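# Structural characterization, general
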Amino acid sequence: MAKKAATKRKSRNSKSKAAKPSWLRRLFWLFFKLGLLFSVFAAIGLVYLDIQIRAKFEGKRWALPAKVYARPLELYPGQVLSRESLKLELKGLGYKFQARASQPGTVEWASRRARIYSRGFDFVDGLEPSRRLLVDFSGDTVSRIRDDAGRNINLARLEPIQIGGIYPKSNEDRDLLQIEQAPPYLIDALVAIEDRDYYSHYGVSPKGIARAMWVNVKAGRIVQGGSTLTQQLIKNFYLTSDRSFVRKLLEIPMAFLLDRHYSKDEILEAYLNEVYLGQKGNRAIHGFGLASQYFFAQPIQELKLHQVALLAAMVKGPSYYDPRRNPARAKKRRDLVLKVLQDQGTITAKQRHQAQQQPLTVVKQKSLHRGAYPAYLDLVKRQLREEYPDEVLSSDGLRIFTALDPVVQANAEQSLVSSVKGLTKRYGKKVAKLQGGMVVSNPYSGEVLAVVGGKNTRYQGFNRAIDAIRPVGSLIKPAVYLTALEKGYTLASLLEDEPLTIELPDGPWSPKNYDRKSHGPVPLYYSLAKSYNQSTVRLGMDVGVDEVLDTLRRLGFNRDIPAYPSLFLGAVAMSPIEVAQIYQTIAGNGFQLPLRAIRMVADAENQELSRYPLVVQQTVNAGPMYQLQFALQQVGHIGTARSAYASLPQSLNLAGKTGTTNDQRDSWFAGFTGDRLAVVWLGADDNSTLPLTGSSGALKTWIELMKRERPQPLILDQPAEVEYLWVDELTGLGSAEECGGVQLPFLLENEPQEYIPCAAAYAPGYVEDEPLDWLKKWFR
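All values derive from a computational prediction rather than experimental measurement.

### Focus: the overall build of the chain
Across its full length, the chain carries 23 helices and 32 strands. With 780 residues in all, the chain has 54% of them scored as buried. Relative to all contacts within the chain whose residues are 6 or more apart in sequence, the contacts with residues 24 or more apart total 69%. Summing over all exposed atoms, the chain offers an accessible surface of approximately 36400 Å²; the carbon and sulfur share of this is 53%.

In structure tokens, the structure reads:
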């Protein structure tokens, strides 16, 4: 029994010893298989990461917003340009006024000349070089332009102001910067303060991680990170800013892969353009190129040492070191960057001391001109979307060159704001809600020079110049009178300004004159100049509603209008830009010229994609249009806009029309000179009644603009089929100069067939103090 029991114990022990190695082997193989499986997945993951890294880094790295530019200022001898206008332009471009123009972007200013060191610009039609320009003035005219060698220059272009952009859904904005374009010390400062081992590690710095861990342990909290510039780029470019263990695990192999495939300069260049440096509203500021404009209103190539050090200092915490909100904190960090640069021998002690003495020099405005013209930019976007999809506009880095004139825009904004302020001061609470809109164009090119969307000119919301659809009142009357002139009426044709009643489907309509008086027989041109309602409606009924609607279409108005007689007095709603289109055709001698804000679109490589040439179609014959232009000039000389000449010279010969709607809810003026057309609307958004007419409201704003603009006089181009003849206003019959009549333009086919003897002009019934008497004297 004992022997048998011993044998059993021996057998169990041997089995136990045999089982133990078997269990270890199974565990070993389990871990081996798991390790092998993990390695396979890790390898697949690394291959996937590698593909993703290369695909994005070598492809379209960023959704680049379209950049929108104003027109470039062209300088040439004989140009009408005031020194004040040139200074405004240069300030808009961020030029620095110094005792000596020593580098691009600087200017010397004297009483009769300016020495400009231009930056140059790569235009689609050729490179405009950076050069020194000596510009001499004679009064408000450029008399001569010379280079440094004293050679005369016939034409020079300054770079255009960037007025805005069309941004991707991410609202990220950046100006791409090539590494060779980086200013001195930027790379040195960035590497010194953020990653001093950048050029020696392989994307991840074990020494940097160890150093950061030691500092954090000593401090008892996280005060320093161990991420390299490469890791920071991975985080911003490929991952998120979330502080998670998974993100950190991904960051390390991705940094190794990026460093393996690309050179240090390539990675650094991507970092320069990707790093986050601030926030403007809902728009993120990425990259040093845009940050330079955002904080200093200067191209990055022009930054000084202390400015470069500030930008490098902000990388650690753009919000924490924001120089506008936390200037003391930002300066302390900037000075630390300068100290590190000196410690590494990059700058001298003298350079450091001089730079530390400098203030932060950050501009007060968070953006000097980008976003400064929201109403104009709105018009640009609408015209662009007729040809380009939103995705292309917000991601392909297009360059859009417009016709916006920064000087005209500034004058338009100041005119609207100052006139609204003056009217508010005069009328008080009655105009507390007063708003306005304005469109300014070139009457011969159709280019829109300025757009003002409201009295808050920087508001990026409701654009009254485009979207305020309001009744236009008497602004519509030129269409009625033009229709009549085309049908054989003359400027001397007598119209009956007497009461009338028209039966309409919703009841009788009896239009009244603004002064509630009737004026009997009046010449056609006089009726338009004085804006008489009764005679206008009688004329409109004679020529026909449908005919007037056709005239409006030929003048450039494309929306449908109900065919009611109330149309003759402006019972139709239009926006200021629609009114501007109508008057553009009138100012353009009957040539319909679509208003355009865009001159050209180029791609990111500066290749022209589309040009917006003049598209001209003559829709009104020159003869009748010339007669209408003459009549609109009388609006200023003897009519509802005659107050303009109390502030403007008689030689301006402006042509235009006032407009006032029922209960004085809208005040309008549309007018043009030799080189400016402007439409002004004033009113309240809630359509409330105001104590303003077209003459006492919108006209004043228009006058303010013209006083600032000092435009060219309007000289009408008389067609061959038009001749001036003397007529008697009381009868409309032909007369002679010595008879005391008035001289008016006639189509040769419609010249007076009957003439009145001089004696008859003084027959019983002649009123010596007739308002037309002033016009007789003016023509004599």
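### Some details on the pairing of strand β32 (residues 742-747)
β32 sits mainly inside the fold: five of its six residues count as buried. Bridging between strand β31 (residues 722-727) and β32 involves six bridges; their strand directions are antiparallel. Note that in β32 the partner of Leu725 across the bridge is Leu744.

### With respect to the pairing of strand β28 (residues 655-660)
Counting buried residues along β28, five of its six residues qualify, which places the element largely inside the surrounding structure. In terms of strand pairing, β28 meets strand β29 (residues 666-672) through six bridges, oriented antiparallel. Residue pairing in the sheet places Gly659 in a bridge with Trp668 of β29.

### Some points on the sheet that holds strand β11 (residues 162-166)
On the basis of which strands lie adjacent, the open sheet formed by five strands has the order β11-β1-β15-β25-β26 and mixed pairing. Of all strands in the sheet, those with a lone pairing partner are β11 and β26 (608-611), marking the two edges. In this sheet, adjacent strand axes meet at a mean angle of 20° when their direction is disregarded. Summarising the sheet, strand β1 (residues 66-69) and strand β15 (residues 399-402) pair through three bridges and their orientation is parallel. For Val68, the partnering residue across the bridge sits in β15 and is Ile400. Of the strands in this sheet, β1, β11, β15 and β25 (598-602) touch helix α12 (residues 374-384), which is tilted by about 45° from β11.

### Side note on the sheet that holds strand β4 (residues 106-109)
Spatially, β3-β4-β5-β8-β9 is the arrangement adopted by the five strands of the open sheet, whose pairing is mixed. Among the strands making up the open sheet, the edge pair consists of β3 (96-97) and β9 (141-146). Bridge count between strand β8 (residues 132-138) and β9: five bridges; the pairing is antiparallel. Across the sheet, residue Phe137 finds its bridge partner in β9, namely Val142. Against the sheet, helix α2 (residues 83-92) makes contact with β3, β4, β5 (113-117) and β8, and its axis sits at roughly 155° relative to β4, the strand it touches most.

### What to know about the side chain of Asn533
Mapped onto the secondary structure, Asn533 falls in helix α18 (residues 533-543). Judged by relative accessible area, which is 14%, Asn533 ranks as buried. Among the polar contacts listed, one links the side chain of Asn533 to the backbone oxygen of Lys512, at a separation of 2.8 Å.

### A word on helix α21 (residues 622-637)
Helix length check: α21 (16 residues) gives 23 Å between terminal C-alpha atoms against 22 Å at 1.5 Å per residue, within 8%. Within α21, 15 of the 16 residues are buried, leaving the element largely enclosed by the surrounding structure.

### What to know about helix α16 (residues 477-486)
A large share of α16 lies buried, amounting to nine of its ten residues. Residues Lys477, Pro478, Ala479, Val480, Tyr481, Leu482, Thr483, Ala484 and Leu485 constitute the buried set of α16. Of the residues flanking the end of α16, it is Gly488, one or two places downstream, whose phi is positive at about 110°.

### Brief notes about the packing of α16 against α21
Packing of α16 against α21 brings their axes to within 9 Å, and their N-to-C directions diverge by 140°. With respect to α21, the element α16 is oriented oblique. By crossing handedness, the relation of α16 to α21 is classed as right-handed. Judged by residue contacts, Pro478, Tyr481, Leu482, Leu485 and Glu486 of α16 engage Pro624, Met625, Gln627, Leu628 and Leu632 from α21. Per-class residue counts for the contact of α16 with α21 are eight nonpolar, one polar and one charged.

Rules of the game
Residues numbered from 1 in each chain as written. Predicted model: local features only at pLDDT ≥ 70, side-chain atom pairs only at ≥ 80, totals over all residues. Heavy atoms only, no water. Helix = DSSP H or I, 4+ residues; strand = E, 2+ residues; numbered from the N terminus. Buried < 20%, exposed > 50% of the residue type's maximum accessible area, 1.4 Å probe, protein only. Contact = heavy atoms within 4.5 Å. Areas by Shrake-Rupley, 256 points an atom, 1.4 Å probe, with all protein chains shown as cover. Pairing = 2+ DSSP bridges. Axes fitted to C-alpha atoms, helices over the stretch in contact; angles between N-to-C directions. Polar contact = N/O pair within 3.5 Å; in protein donor to acceptor, adjacent residues only side chain to side chain. Expected span 1.5 Å × (residues − 1). Parallel < 35°, antiparallel > 145°, perpendicular 65-115°, else oblique. Left-handed = near helix turned anticlockwise from the far one by under 90°. Nonpolar A, V, L, I, M, F, W, Y, C, P; charged D, E, K, R; others polar.

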